[in-house]
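Structure assessment
Read off the chains here:
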Amino acid sequence: MLKHQLIKCFHSYQYHSAATEAQRPWRRTGLKPPAPAALGVLLALALLALARLPPSPHRSPQLPPASSPPGSRWEVAAPLFGGRAHNKRPPAPPAHLRRDQSPGRGRRRRRGVAGDAPLWLSDDDLQKMQLLASGQVVFKTRVPAHGQVLRVGLRAVGDAEGHAKGDASPAGPEGDCQDGRCGLIKRPGDLYEVLAFHLDRVLGLNRSLPAVARRFTSHLLPYSYTDGSLRPIIWWVPDLRHLEDTNNDQNSCALGWLQYQEMLQPRGPTLGAGDAPCSGIPRSEWSRLALFDFLLQVHDRLDRYCCGFQPDPSEPCVEEMLHEKCRNPAELVLVHILVRRSAPSRLVFIDNAGRPHHPEEKLNFRLLQGIDSFPATAVATLRSGRLQSLLLESLRMDRELWESQGGAEGLRPLLRTIDRRARILLRYIQERNLTVFGDSPR
């Protein structure tokens, strides 16, 4: 608009240049009129400068919003932890942000497509969250011995490659999953795994797998998966190492409780380094796992027999008569002890749906047995008094979970429980004069 006005002014000047000087104001003011050539040069320079200016904000190009899968509907969510239900459809998590930085130490943030993302969520986390939250389901397979869990292949919105009709994969399920485009859809009661993922990242542990809450509408899924219920979907790890024993395939190595306690000793296991099960996993990894499991009260890994507290008769460890084995420690084994083939010295935390309502008087301290040091970054975050606010900041990235629980108000009771457990853990560390260790660059 300004450019057009200047052009019009320039033409007007040319039209009136032949007018008599008596009609100009210059003589009244005593000023010498400018030379016509000089004024023309000035106008030309002004037009050239305008041409090089960036477009005005209302005309600047906008990033396309994150799309949702075709035909998806987001109905009212059932409250997860007693929060209120909402029916607003949230935007998808951001996918393309700046480079990953160390978690949560400061208030700087990165700008993403859908908004700001906290620094403890890496670019890789955000891309996987985007795929899990909005990817189109292109195939499904059952997971052996896990009847209520489905593995699904996902196609990112706007990705037309690799799938001919949108309902089959030319490369096959295994091929797609090896490319990292698969997820595990779990039960509605496992939504606690989404909180576990964010807690892992806030504490700087970085051992759990990206997880989001989602409703599914794909015709490829059974009706129980598309009835509007909110379910967690967890990223599928392509290279988890499993034992060949079908009765113990949820481990990367067979490890008993007594062997585990021996590994935690400062001098390590008495067996040769190559003979001990899980000998390549350093003590610091077990410390991360113990801290994480205590805050969430996950018993299934280190204490599947409930030896660290008196279980209720309805507990699976009682119903399956596992609790009786606590009398003989030699019979106790660890489960869900997993590593990746590409990183055999680094634990992978799976099945993290712990116990949000486990009573405080029954907290399982056996999970901490043998641990004499903890990761410094995680302990500093617990001591900061900001655990609840950091978790809220992180959980906002999962808009579906956030809205379904009534936002911060609905989530605070659960976060207060985690915070109380954190204070109990800090007191445990202080009373025993336990140490902290620096974070590994790995």
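Residues numbered from 1 in each chain as written. Predicted model: local features only at pLDDT ≥ 70, side-chain atom pairs only at ≥ 80, totals over all residues. Heavy atoms only, no water.

Linking two cysteines covalently through their sulfur atoms gives a disulfide. All chains considered together, the criterion is met by four disulfides. A sulfur-sulfur distance of 2.0 Å marks the disulfide that ties Cys177 to Cys182. Between Cys177 and Cys182 the sulfur-sulfur dihedral comes to about -85 degrees; the bridge is accordingly left-handed. Side by side, Cys177 and Cys182 carry an identical accessibility label, which is buried. Look at the protein chain and number its bonded cysteines as they come in the sequence; the links are 1-2, 3-4, 5-7, 6-8. (Disulfide = S-S within 2.5 Å. Buried < 20%, exposed > 50% of the residue type's maximum accessible area, 1.4 Å probe, protein only.)

With that out of the way, let us pick up the pattern of salt bridges. For the coordinates displayed, the defined rule picks out 20 salt bridges. The shortest N-O distance in the salt bridge between Asp351 and Lys186 comes to 2.6 Å. With Asp351 in the loop between β9 (343-348) and β10 (373-375) and Lys186 in the loop between β5 (182-185) and α6 (192-202), this residue pair connects regions lying 165 residues apart in the sequence. With relative accessibility at 23%, the residue Asp351 sits in the partly exposed group. Its relative accessible area of 8% is what places Lys186 among the buried residues. A salt bridge links Arg201 to Asp200; its shortest N-O distance comes to 2.5 Å. (Salt bridge = Lys/Arg side-chain N within 4 Å of Asp/Glu carboxyl O. Helix = DSSP H or I, 4+ residues; strand = E, 2+ residues; numbered from the N terminus.)

Another aspect to go through is the nonpolar core. With 97 residues, the main nonpolar core has Trp286 and Leu425 as its most contacted residues. Tallying contributions element by element places helix α13 (residues 407-431) first for this core, with eleven residues. (Core = buried A, V, L, I, M, F, W, Y, C linked by side-chain atoms within 4.5 Å.)

Contact pair helix α10 (residues 376-383) / α13: the axes reach a minimum separation of 10 Å and the direction vectors enclose 120 degrees. Comparing the axis directions of α10 and α13 gives the class oblique. In the crossing of α10 with α13, the sense of the turn from one axis to the other is left-handed. Contact with α10, carried on its side by Val379, Leu382 and Arg383, involves Ala422, Leu425, Leu426 and Ile429 of α13 and no other residues of that element. A per-class count over the contact of α10 with α13 returns six nonpolar, no polar and one charged. (Axes fitted to C-alpha atoms, helices over the stretch in contact; angles between N-to-C directions. Parallel < 35°, antiparallel > 145°, perpendicular 65-115°, else oblique. Left-handed = near helix turned anticlockwise from the far one by under 90°. Contact = heavy atoms within 4.5 Å. Nonpolar A, V, L, I, M, F, W, Y, C, P; charged D, E, K, R; others polar.)

On the secondary structure map, Gln261 appears in helix α7 (residues 257-263). A sequence separation of 110 residues divides Gln261 from Ile371, and the C-alpha atoms of the two residues are 9.0 Å apart. When neighbours within four sequence positions are excluded, Gln261 is seen to be in contact with Gln369 and Gly370. One polar contact links the side chain of Gln261 to the main-chain carbonyl oxygen of Gln369, over a distance of 3.2 Å. (Polar contact = N/O pair within 3.5 Å; in protein donor to acceptor, adjacent residues only side chain to side chain.)

This brings us to the packing of aromatic side chains. Per the stated rule, a full pass over the model turns up five aromatic pairs. Here the aromatic cluster, defined as three or more aromatic residues joined through ring pairs, consists of Trp257, Tyr260 and Trp286. Between the NZ or CZ atom of Arg231 and the centre of the ring of Tyr225, over which it lies, the distance is 4.0 Å. The aromatic ring of Tyr305 is capped on one face by Arg304, whose charged end is 5.8 Å from the ring centroid. (Phe/Tyr/Trp six-rings, centres within 6.5 Å; stacked < 30°, edge-to-face > 60°. Lys NZ or Arg CZ within 6 Å of the ring centre and 35° of its normal.)

Of all residues in the protein chain, 66% attain a pLDDT of 70 or more, and the chain-wide mean is 78. Counting contacts from residues 9-32, a segment whose pLDDT is below 50, to residues more than four positions away or on other chains yields 14 contacts. In this model residues 162-170 is a low-confidence stretch, pLDDT under 50, and it forms 19 contacts with partners more than four residues away in sequence or in other chains. (pLDDT = per-residue confidence, 0-100.)

Below, the discussion takes up helix α4 (residues 123-134). With twelve residues, α4 extends 17 Å from end C-alpha to end C-alpha; this agrees with the ideal 16 Å at 1.5 Å per step. Taken as a whole, α4 has its buried residues at Asp123, Asp125, Leu126, Lys128, Met129, Gln130, Leu131, Leu132, Ala133 and Ser134. (Expected span 1.5 Å × (residues − 1).)

Okay, the packing of helix α8 (residues 283-296) against α13 next. Where α8 contacts α13, the axes come no closer than 8 Å and their chain directions differ by 130 degrees. Comparing the axis directions of α8 and α13 gives the class oblique. For the pair α8 and α13, the crossing hand works out as right-handed. Contact residues: α8 offers Leu291, Phe294, Leu295 and Leu296, while α13 offers Ile418, Arg421, Ala422, Ile424 and Leu425. Looking at the contact of α8 with α13 residue by residue, the classes come out as eight nonpolar, no polar and one charged.

Glancing now at the layout of surface pockets. Reported here for the second largest pocket is a volume of approximately 620 Å³. Along the walls of the second largest pocket sit 31 residues, with Val143, Leu184, Trp236, His242 and Gln250 positioned nearest its centre. Those elements that place two or more of their residues in the lining of the second largest pocket are β3 (136-143), β4 (146-155), α5 (172-178), α6 and β7 (231-235). Its residues placed into classes, the lining of the second largest pocket shows 16 nonpolar, seven polar and eight charged. (1 Å grid on protein atoms, 1.4 Å probe; cavity = no way out; pocket = protein on both sides within 12 Å on 5 of 7 lines; lining within 4 Å. Points joined across faces, edges and corners; volume = space filled by probe spheres on them.)

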